[in-house]
Amino acid sequence: MSAVTAGSAQRGMSPRTETTLRIVAPIAVGLIVLGVWQFLVSVVGVSDYLLPSPASIVEELVAYWPSVVQATLLTGTNALLGLIVGSVLGIALAALAARWRGIDQMSAPVVASLAVIPIVALAPVLNSMFGADSQFGRQAIAALASFVPVFINTLRGFRQTTPVHRDLMKAYAASSGQVLRTLTLPTARPFILTGIRIASSLAVISALVAEYFGGPRGGLGGLISTSAASSAYARAWAYVVASIALGLLFYLATLGLERLLQRRAPSTTAPHRTTKGPT
Amino acid sequence: MTQEQGVQMTAVEINGVDKVFETRTGQVQALDSIDLTVAAGEFVSLIGPSGCGKSTLMRLVADLDEPTGGTISVFGKTPRTARLDQEYGIAFQQAGLLPWRTVAGNVALPLELHGVASAARSARVTELLDMVGLSDFADRYPDQLSGGMQQRVAIARALAEQPRLLLMDEPFGALDEMTREKMQTELVRISAETGAAVVFVTHSIPEAVFLSDRVVVMSPRPGRIQQIVPMRLGVDAQRAARTEELREERGFFEMVTAVREALHGGSPIATGARGVENR
Ligand SMILES: Nc1ncnc2c1ncn2[C@@H]1O[C@H](COP(=O)(O)OP(=O)(O)OP(=O)(O)O)[C@@H](O)[C@H]1O
Ligand SMILES: [Mg+2]
């Protein structure tokens, strides 16, 4: 996800140079891409229909600013609600599945099918179920999309407790609530946070794409498709830029949360993307 | 916990205990008809080659596992009741510290689980860390400590609630010789002061001789008690009187030889045999 990560550490740079590089490198890449883009449009003369210039996209962004902000808020709210509900459900159900084998076995096929079905495929169905003027269908889609990675990672995290720690808790005659609080949850924490970080991007993508399938107007997805349909390509791109910003905001916010709570991470390394999300 | 009580009660009584593990490749007889009584306040060491069932026996007393046959009682109760009543403190072969807790947090764990008030808790933790010589490391995390330091934290944790019975599985295995002798002297002092009975697993003959009232020598496959060697360390064999000088006394060396011969089944001693250190 992040453009420049590991790698540089091995080449023996000081931590400060490494941090600077991590921030500067993606910005430099972005500027170069923008420069080449502008060059293609204004000097080589690629048609404005094919590729509007960055300058014209910025113009549209400024001209439609209030609408961009409103659309971002609307889609962002849908994604956030979905992320929260999906994460809470994912953690709760994983806790149940970790505790009782039966629930694990019952939920496994459901979760497996949720993980392979592209969840936005449900968008038209949910839209018609909850009526054309409700945001609920989109929020439900974002929640479903978030649920899967949070559930899978959390369940894995709950299974990471070591035998010596379980023996210790047993020797202390700790109640199951105490075991959950002092052992199981802290062990699972890095896994849960990784699940939420993966879910954050999925929630935004799902909330946005769900808008392509009808329902109330005014969100980023809806405006991208109407702008493109009326040949206002630069404006469509302006909304795309806003979507990217929204996705980044979600990702960075969850990454920040992870950093904050993992200030003191156990020496075992946190898991990496264990599940590829559906889109 | 007065002396009068201490003399009369037995801390641990083991009668005809067998333990068979079912494994995929068949049955493993870990323990075979073990009989052993540990009086209250008595210090008993278990010594024997690797895999002879010392840890297994300790786990049975701690009710972390159940015997296949025979009975165990701890202060006249079943091991389960004794565990629920928190009659023992335990230090495992591995330190088993919680990596997301500081050193102080790890030592405080049992006090926290058993509802000791915060002020009393931190006073006790300070005292314990001082005793194991880790006062300066209270705010460190386990992965910042050496193996021996981690073991000392685990020992402090086992002593936290001043149990009447201490179960210690090779607690000094990871310590350097100097620290090891210091910790042995400390343990002698603590057990004499609190009148706690100690069941102590070790691979070191001098350590067993220095610490114990009796040394239980075990033989492997199936784990049996080969011989119980009482320690007669001079006229005043009071545990509190065991000091550094004792290590250089003639009686000490005689006892070391007695245990070593028991370990080798009375046969002439082949050096370095059967995984027992002679240090
Ligand atoms: N959970 C288990 N399942 C199967 N076999 C086991 C189990 N735990 C122990 N054993 C077996 O029981 C025997 C005794 O093991 P135990 O750990 O008690 O030995 P030990 O005397 O503590 O050895 P060491 O000095 O190396 O710590 C070994 O042969 C071991 O393989
Ligand atoms: Mg062992």
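Residues numbered from 1 in each chain as written. Chains lettered and ligands numbered in written order. Predicted model: local features only at pLDDT ≥ 70, side-chain atom pairs only at ≥ 80, totals over all residues. Heavy atoms only, no water.

1. Thoughts on the site of ligand 1
Residues and elements named next belong to chain B. Taken together, 13 residues lie around ligand 1, and S50, G51, K54, S55 and T56 are the ones closest in. Between an oxygen atom of ligand 1 and a main-chain N or O atom of G51, the distance comes to 2.8 Å. In this structure, an oxygen atom belonging to ligand 1 sits 3.2 Å away from a main-chain N or O atom of C52. Taking 630 Å² as the accessible area of ligand 1 by itself, protein coverage stands at 65%. At the level of secondary structure, the elements contributing two or more residues to the shell around ligand 1 comprise strand 1 (10-23) and helix 2 (54-61). (Near = heavy atom within 4 Å. Polar contact = N/O pair within 3.5 Å; in protein donor to acceptor, adjacent residues only side chain to side chain. Areas by Shrake-Rupley, 256 points an atom, 1.4 Å probe, with all protein chains shown as cover. Helix = DSSP H or I, 4+ residues; strand = E, 2+ residues; numbered from the N terminus.)

2. A look at the coordination of the magnesium ion (ligand 2)
Residues and elements named next belong to chain B. Only S55 (OG) and Q93 (OE1) from the protein reach the magnesium ion (ligand 2) as donors, at distances of 1.9 to 2.4 Å. Residue S55 is located in helix 2, and its partner Q93 is located in the loop between strand 5 (88-91) and helix 4 (103-113); the two are separated by 38 residues in the primary sequence. For S55, a relative accessible area of 25% gives the class partly exposed. (Donors = N, O, S within 2.8 Å, 3.2 Å for Na, K, Ca; no water. Buried < 20%, exposed > 50% of the residue type's maximum accessible area, 1.4 Å probe, protein only.)

3. A short note on the sheet that holds strand 6 (residues 165-169) of chain B
Residues and elements named next belong to chain B. Strand order in the open sheet formed by six strands is 5-6-7-3-8-9, and the pairing between neighbours is mixed. A strand with exactly one partner marks an edge of an open sheet, and here the two such strands are strand 5 and strand 9 (224-230). The mean angle between the axes of side-by-side strands here comes to 15°, regardless of whether they run parallel or antiparallel. Judged from the four bridges that link them, strand 3 (residues 43-47) and strand 8 (residues 214-219) form a sheet pairing that is parallel. Residue pairing in the sheet places S45 in a bridge with V215 of strand 8. Across the sheet, helix 2 is in contact with strand 3, strand 6, strand 7 (197-202) and strand 8; its angle to strand 6 comes to roughly 150°. Relative to strand 7, helix 7 (residues 177-194) is tilted by about 160°, and along the sheet it contacts strand 3, strand 6 and strand 7. (Pairing = 2+ DSSP bridges. Axes fitted to C-alpha atoms, helices over the stretch in contact; angles between N-to-C directions. Contact = heavy atoms within 4.5 Å.)

4. Here we look at the domain arrangement of chain A
All names here are of chain A. Looking at the assigned domains, one finds that chain A contains domain 1 (1-46) and domain 2 (53-261). Spacing between the C-alpha centres of domain 1 and domain 2 amounts to 28 Å. Residue-level contacts link six residues of domain 1 with eight residues of domain 2. Together, the buried faces of domain 1 and domain 2 total about 550 Å²; carbon and sulfur atoms form 71% of this surface. Across the contact surface, domain 1 and domain 2 share zero salt bridges. (Domains from an automatic or database assignment. Buried area = accessible area lost by both parts, 1.4 Å probe. Salt bridge = Lys/Arg side-chain N within 4 Å of Asp/Glu carboxyl O.)

5. Details of the interface of chain A and chain B
The interface of chain A with chain B comprises 20 residues on the first partner and 23 residues on the second. Counting across the interface, chain A meets chain B through one salt bridge. Residue B:R59 is joined to A:D167 by a salt bridge in which the shortest nitrogen-to-oxygen separation is 2.5 Å. Between the two partners, chain A and chain B, sit eight residue pairs in polar contact (both at pLDDT 80 or more). Only helix 7 (163-171) and helix 8 (176-210) of chain A provide two or more residues apiece to the side of chain A that touches chain B. Considering each element in turn, the side of chain A that touches chain B owes the most residues, seven residues, to helix 7 of chain A. Per-class residue counts for the side of chain A that touches chain B are 11 nonpolar, five polar and four charged. (Nonpolar A, V, L, I, M, F, W, Y, C, P; charged D, E, K, R; others polar.)

6. Notes on the sheet that holds strand 1 of chain B
Residue and element names in this part refer to chain B. Reading across the sheet, the three strands line up as 2-1-4 and stay open at both edges, with antiparallel pairing between neighbours. The open sheet has two edge strands, strand 2 (26-39) and strand 4 (69-74), and neither has a second partner. Between one strand axis and the next, the sheet turns through 20° on average, direction left out of account. Of the strands in this sheet, strand 1, strand 2 and strand 4 are in contact with helix 2, which crosses strand 1 at around 120°.

7. Comments concerning the nonpolar core
All names here are of chain B. Grouped together as the largest cluster of nonpolar side chains are 51 residues, with contacts concentrated most on L129 and V259. Sorting elements by how many residues they give to this core places helix 6 (residues 147-159) first, with seven residues. Shared between two domains, this core holds at least three residues of each, these being domain 1 (1-87 + 165-279) and domain 2 (98-162). Membership of the second largest hydrophobic core comes to 42 residues, among which are A11, I34, I90 and V201. (Core = buried A, V, L, I, M, F, W, Y, C linked by side-chain atoms within 4.5 Å.)

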